[in-house]
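In case you want the letters, here they are:
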Amino acid sequence: MDVDTTLTLERGAYAGPVLAVAFAGQRVLLAGVGPDLHALDVATRASVGCISSILGSTHIHGISLRSVDAGRSTRVAVFGPHSLALCHLDQGLVVDSIANAAVLRQRQPPVRLSDWPLDVVWLPSSCSNAEQSGALEVESRLAV
């Protein structure tokens, strides 16, 4: 008996240049598309939200996540050339009668950095005095 092993490539909600992606849990995909941060529900292929020009006019090159509140919320650090912005993704909400909705919102305006960040890492809460604000370590060494 022959088994069909053909794969089908299917275009979902978006097809285009993406420089950074990250899964927040098993349901929400965050994608940096140019300067915009998109959140997509993987199960329904619906947009959960979009923050336009989150880093101003620079493109998003990385997304770093930290799950809080037993996975119901996610802190999101978005970075690109000389820029860093913080966002918050709340999941499992009821919004306009829709159960398990997710809401993406920006926490503060982007911060201008003196160098280009290569990576952003959330520090464990034991390393931070204020767990609510969260602590970040930004690696900005240039590779020559």
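Residues numbered from 1 in each chain as written. Predicted model: local features only at pLDDT ≥ 70, side-chain atom pairs only at ≥ 80, totals over all residues. Heavy atoms only, no water.

To continue, consider the overall build of the chain. A count of helices and strands for the chain gives 0 helices and 11 strands. Listed by position from the N terminus, the elements making up the chain come as β-β-β-β-β-β-β-β-β-β-β. Scored against the burial criterion, the 144 residues of the chain give a buried share of 35%. A sequence separation of at least 24 residues applies to 40% of the contacts in the chain between residues at least 6 apart. Summing over all exposed atoms, the chain offers an accessible surface of approximately 9,000 Å²; the carbon and sulfur share of this is 52%. (Helix = DSSP H or I, 4+ residues; strand = E, 2+ residues; numbered from the N terminus. Buried < 20%, exposed > 50% of the residue type's maximum accessible area, 1.4 Å probe, protein only. Contact = heavy atoms within 4.5 Å. Areas by Shrake-Rupley, 256 points an atom, 1.4 Å probe, with all protein chains shown as cover.)

Turning our eyes to something else, we now look at the side chain of Asp-41. With respect to the helices and strands, Asp-41 occurs in strand 3 (residues 36-41). A relative accessible area of 9% places Asp-41 in the buried class. Separated by 2.8 Å, the side chains of Asp-41 and Arg-27 make a polar contact. Residues within four places of Asp-41 in sequence aside, it is in contact with Arg-27, Ala-46 and Val-48. (Polar contact = N/O pair within 3.5 Å; in protein donor to acceptor, adjacent residues only side chain to side chain.)

Here the focus is the pairing of strand 5 (residues 62-68). Buried residues dominate strand 5, accounting for 5 of its 7 residues. Across 7 bridges, the pairing between strand 5 and strand 6 (residues 73-80) is antiparallel. Residue pairing for strand 6: Leu-65 is matched across the bridge by Val-76. (Pairing = 2+ DSSP bridges.)

Not every positive phi belongs to a glycine, and Ser-53 is a case in point at roughly 50°. Turning to its location among the elements, Ser-53 is positioned in the loop between strand 4 (46-51) and strand 5. When its relative accessible area of 41% is taken as the criterion, Ser-53 is described as partly exposed. Even without a glycine there, the phi angle at His-82 is positive, about 60°. Along the chain, the position of His-82 falls in the loop between strand 6 and strand 7 (83-95). Since its relative accessible area comes to 24%, His-82 is described here as partly exposed.

Now for the sheet that holds strand 2 (residues 28-33). Read from one edge of the open sheet, 4 strands run 1-2-3-4, paired in antiparallel fashion. Single-partner strands in this sheet number two, and they are strand 1 (20-24) and strand 4. Recorded for the sheet is a direction-independent mean angle of 20° between the axes of neighbouring strands. Two strands pair when backbone bridges link them, and strand 1 and strand 2 are joined in this way by 5 bridges, in the antiparallel orientation. Within strand 2, the position partnered with Ala-22 by the bridge is Leu-30. (Axes fitted to C-alpha atoms, helices over the stretch in contact; angles between N-to-C directions.)

This brings us to the environment of Arg-112. Within the secondary structure, Arg-112 sits in strand 9 (residues 111-112). Separated by 29 residues in the primary sequence, Arg-112 and Ser-83 place their C-alpha atoms 4.8 Å from one another. When near neighbours in sequence (up to four residues on either side) are disregarded, Arg-112 contacts Pro-81, His-82 and Ser-83.

Purely geometric stuff here, so don't read any function into it on its own.
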